[in-house]
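# Understanding the architecture of this molecule
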Amino acid sequence: METAWPEVKLRGWSCRSRAGKKRSSQLEKEVATLSEKIHHLDDMLKSQQRKVRHMIEQLQNSKSVIQKKQAELQELQELVSYLEDEISPIPVSFPEPGDARSHRAPDRGPAVESSPF
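This write-up is about the structure you can find in this document. As the structure is a computational prediction, the values presented were derived from the model and not from experiment. (Residues numbered from 1 in each chain as written. Predicted model: local features only at pLDDT ≥ 70, side-chain atom pairs only at ≥ 80, totals over all residues. Heavy atoms only, no water.)

## As for the overall build of the protein chain
Across its full length, the protein chain holds 1 helix and 0 strands. For the protein chain, with 117 residues in total, the buried portion stands at 2%. (Helix = DSSP H or I, 4+ residues; strand = E, 2+ residues; numbered from the N terminus. Buried < 20%, exposed > 50% of the residue type's maximum accessible area, 1.4 Å probe, protein only.)

What follows is the structure in structure tokens.
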């Protein structure tokens, strides 16, 4: 936002003295300096606003990514729970070391006799 300072002219006012002209010149320089400072501060403010908007956008994007990751994590936790429930009823027995049955081939059911015909 650029501020334009209006020219102020006073009717009937004139600087006849050297001190008045000097003071007028100093005030004009001060006005110019302050105008430059205002312009600089305005530019800084715009820059900071852009940075804040960018940071807010990044924060919103990060929040969205976190929500997606949390949903994926929840799905995986549910899958793990389901698989644990599926696995737990299956009895698993391992033969004791030194047990005579542990050295035999697994039983394949009744032997089927083959017919020579």
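## What to know about a nonpolar patch on the surface
On the surface, Leu-76, Leu-79, Tyr-82, Leu-83 and Ile-87 cluster together into a nonpolar patch covering about 510 Å² of accessible area. If you trace the backbone, Leu-83 turns up in helix α1 (residues 18-87). Look at Leu-83 and you get partly exposed, because its relative accessible area is 39%. (Patch = residues over 30% accessible without salt bridge, like charges linked within 9 Å, V, L, I, M, F, W, Y side chains within 5 Å. Areas by Shrake-Rupley, 256 points an atom, 1.4 Å probe, with all protein chains shown as cover. Salt bridge = Lys/Arg side-chain N within 4 Å of Asp/Glu carboxyl O.)

## Examining the pattern of salt bridges
Following the criterion strictly, the structure yields 1 salt bridge and no others. With its nearest N and O atoms 3.6 Å apart, the salt bridge here joins Asp-42 to Lys-46. Of the two residues, Asp-42 and Lys-46 both sit in helix α1, 4 residues apart, roughly one turn of that helix. Judged by relative accessible area, Asp-42 falls into the buried class, the value being 13%. Take Lys-46: its relative accessible area is 35%, and that puts it in the partly exposed class.

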